[in-house]
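Here is what each chain is made of, one letter per residue.
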Amino acid sequence: MKKNNNCSDKDTVVHVSGVKIFYGSQTGTAKGFAVELSEEVKTLGIPAEVTDMKDYDPDDQLADECTSKSICVFIVATYTDGQPTENAEWFCKWLEEASTDFRYGKTYLKGLRYAVFGLGNSVYVGHFNTVGKNVDKWLWMLSGMRIMTRGEGDCNVVKSRNGSIQADFLAWKVKFLNRLQALAKGEKKSCSGNCKTGGTCKNKRKDRQVMEEEKAALQNVSSEVSELSSSVFLHGTLKEEGRGDGQMVKLSKLNGVKKIEDEGERREMITPALREALTKQGYKLIGSHSGVKLCRWTKSMLRGRGGCYKHTFYGIESHRCMETTPSLACANKCVFCWRHHTNPVGTEWRWKMDPAEKILQDAVEKHQNMIRQFRGVPGVKPERYEEGLAVKHCALSLVGEPIMYPEINTFIRLLHSHHISSFLVTNAQFPQEIRSLEPVTQLYVSVDASTKDSLKKIDRPLFKDFWPRFLDSLKALGEKRQRTVYRLTLVKAWNVEEMQAYSELIALGQPDFIEVKGVTYCGESSASSLTMANVPWHQEVVAFVQQLADMLPQYEIACEHEHSNCLLIAHTKFKVEGEWWTWIDYERFQELVQAHEESGGQQSFSALDYIAKTPSWALFGASEQGFDPADTRFQRRNKTKDISGC
């Protein structure tokens, strides 16, 4: 049968079955706009639905929108540093990767009709509406069809085109609704050019305004795409030569040639706005991605007012402990984070990188400078002041995810070469990095929940496969021979009822110790719904620990630090002839790790090779409740509690 090449109205009518509105919002403005637009669309007799981006899986669902005859609207806000809001992070990350991933193809979203409205603040030069621009660009690169020019709202009333962000949205909304009505009446597709009727195809007569809008939009995006062309990522991985960490780095593809991305082209992790925010919180920033801060327990022990729970559980000298991190970035946005989510987030290292030697040198120097500020301060013990200048312990738990730093093994070896013990905390999202980690004095994983749903609610991880990563991280911990710890943070009404599930996770990783601590309330924050009602009383934590210990045949409660609302469950292999040996022989550890290093890793050692006896005052049930009798407990009255610390 001969194919009919003549165009017909019947073949080219495009219907609108509904409007799907996706929003990425932190303060609620974008969400409010989405709801407002939905109601307006419904008044036109067109179905509309509003979807939070965090509840939508683009990998499974977005391609279906190409054949659904619906219009997709994306209303997205931009953070001050150009990043998407928390609920839009996964959606945007997936869209970015898909737009340059050959496995999806350039026509993956062909047939998807969409419109974008971005919210931003032009005060932040270089980051204004970055997310909206990127979403528009990535959809276009996947062959999505823009139905109108992208809209932009500006919180800066001075620069706003219409006087306010609300007025900006209203102006865009009117245009969108007019465009939607035109589409609903039946827009004619442009002629393919194969018409053989001998005349001018009537379907080529598109509305002039629509053509101008599309032309302007294409020009707008073409310039953005040209900027992208110099930094298109080939989404593979490669072990960087000369690195023993096995850390993955990105590849760039320029003119068909693969090469490791030039460090000089990467941006710094600490933006000016972030630097200002962290400095106000008391951080001493190091280079472009590290920081150090003085722990409240360091100050306390300098005055002889007691040490932290690590002093009670493991014999750390709190006044000689440096709290630092080589990576301010994290892959989680935990509801109880005491940093109020001012630190950057990410699932891979994509920033400029400072050398480990420089980070350690500056960290020690800045820590010592903070200690020197206590010289002559009333109550500070002279002998402890002198001891405090010589760093003996390093708590890699300040903020962020230290294991993300590509040179973490080099940093750990440097600590040990300076006879500084290492206490590293990871959020259990990087199992391969845990496996490749050099021996540390004590390795922690944060186990903030025991089920997939509660972990997602509490830790708010960025990884889509966060649960398999979490379980594999626990398995990786179980493969380590040195001291390992599960750190459980109890959030009342959120994760204290999952007893059986916790016991199963403990069986999976078989840690040497389990620290159970009541969550610390860090004040109100728009990034968290946590309140004082979520903070358990110490007796509630004790009851939880007793019940959990009863379910673990090889574990018992060993120590308590009532001041920190924290207890320690220990494996019974640390109970020698009826006495607990949870403390650490730090000099012995340094001897063992040096021998391990000199043998090229051939001479290994275990957690039981550097144990020390736990003093009676540190034991659970002692009248001191974990407070060192060599110090004097100080009761602060009518003062705001200092919640900082490791």
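On a predicted model such as this, the values are computed, not experimentally measured, just so you know.

Draft legend 1. Here's a closer look at the overall build of the chain. Scanning the chain for helices and strands turns up 19 helices and 25 strands. Per-residue burial for the chain yields a buried fraction of 55% across its 646 residues. Considering only contacts in the chain between residues 6 or more positions apart, those separated by 24 or more positions represent 75%. For the chain, the accessible area works out to roughly 29400 Å², and carbon and sulfur atoms hold 49% of it.

Draft legend 2. Spatial organisation of the sheet that holds strand S21 (residues 566-571). Judged by pairing direction, the sheet is mixed, and its 10 strands sit side by side in the order S12-S13-S14-S15-S16-S17-S18-S19-S21-S20 without closing on themselves. Only two strands of the sheet have a single neighbouring strand rather than two, namely strand S12 (284-286) and strand S20 (555-561). Neighbour-to-neighbour, the strand axes of this sheet turn through a mean angle of 25°, independent of strand direction. Where strand S17 (residues 442-446) and strand S18 (residues 483-490) come together, five bridges link them in parallel fashion.

Draft legend 3. Looking closely at the packing of aromatic side chains. According to the stated counting rule, one finds 26 aromatic pairs in the structure shown. Summarising the aromatic geometry, the rings of Trp-172 and Phe-176 are spaced 5.5 Å apart at their centres and angled 15° between planes, so their arrangement reads as stacked. Of this pair, Trp-172 and Phe-176 both sit in helix H6 (residues 165-186), four residues apart, roughly one helical turn. Across this residue pair, the class does not change: Trp-172 and Phe-176 are buried. Ring pairing ties together the aromatic residues Phe-33, Phe-117, Phe-169, Trp-172 and Phe-176, which thus form one cluster. The ring of Tyr-283 is capped by Lys-293, whose NZ or CZ atom sits 5.2 Å from the centre of that ring.

Draft legend 4. Broad picture of helix H19 (residues 586-598). Here H19 contains 13 residues, and its C-alpha end-to-end distance of 18 Å stays within 8% of the 18 Å for a straight helix at 1.5 Å per residue. Every buried residue belonging to H19 is among Tyr-586, Phe-589, Gln-590, Leu-592, Val-593, Ala-595 and His-596, and all of these are buried. Elements that come into contact with the buried residues of H19 comprise helix H10 (309-314), strand S15 (393-396), helix H13 (408-417), strand S16 (421-426) and strand S24 (583-584). Just downstream of H19 lies Gly-600, where phi reads positive at about 70°.

Draft legend 5. Main features of the packing of helix H2 (residues 29-43) against H6. Two elements in contact, H2 and H6, have axes separated by 11 Å at closest approach and are oriented at 30°. Between H2 and H6 lies a crossing of right-handed hand. Along its contact with H2, which presents Phe-33, Glu-36, Leu-37, Glu-40 and Val-41, the element H6 presents Ile-165, Gln-166, Phe-169, Trp-172, Lys-173, Phe-176, Leu-177 and Leu-180. Here the contact of H2 with H6 is built from residues that sort into nine nonpolar, one polar and three charged.

Draft legend 6. Quick peek at unusual backbone geometry. Its identity as a non-glycine residue notwithstanding, Asn-565 has a phi of 55°, on the positive side. Mapped onto the secondary structure, Asn-565 falls in the loop between S20 and S21. The exposure class assigned to Asn-565 is buried, which follows from its relative accessible area of 12%. Even without being glycine, Gln-625 reaches a positive phi, approximately 55°. Of note, Gln-625 is situated in the segment after strand S25 (611-612). Given a relative accessible area of 32%, Gln-625 falls into the partly exposed group.

Draft legend 7. Examining the packing of helix H4 (residues 89-99) against helix H5 (residues 130-141) more closely. Contact geometry for H4 and H5: axes closest at 9 Å, N-to-C directions at 40°. The orientation of H4 relative to H5 falls into the category oblique. Between H4 and H5 lies a crossing whose hand is left-handed. Taken together, the residues of H5 that come into contact with H4 (itself represented by Cys-92, Leu-95, Glu-96 and Ser-99) are Val-131, Val-135, Trp-138, Leu-139 and Met-141. Looking at the contact of H4 with H5, its residues break down into seven nonpolar, one polar and one charged.

Cut-off values and rules
Residues numbered from 1 in each chain as written. Predicted model: local features only at pLDDT ≥ 70, side-chain atom pairs only at ≥ 80, totals over all residues. Heavy atoms only, no water. Helix = DSSP H or I, 4+ residues; strand = E, 2+ residues; numbered from the N terminus. Buried < 20%, exposed > 50% of the residue type's maximum accessible area, 1.4 Å probe, protein only. Contact = heavy atoms within 4.5 Å. Areas by Shrake-Rupley, 256 points an atom, 1.4 Å probe, with all protein chains shown as cover. Pairing = 2+ DSSP bridges. Axes fitted to C-alpha atoms, helices over the stretch in contact; angles between N-to-C directions. Phe/Tyr/Trp six-rings, centres within 6.5 Å; stacked < 30°, edge-to-face > 60°. Lys NZ or Arg CZ within 6 Å of the ring centre and 35° of its normal. Expected span 1.5 Å × (residues − 1). Left-handed = near helix turned anticlockwise from the far one by under 90°. Nonpolar A, V, L, I, M, F, W, Y, C, P; charged D, E, K, R; others polar. Parallel < 35°, antiparallel > 145°, perpendicular 65-115°, else oblique.

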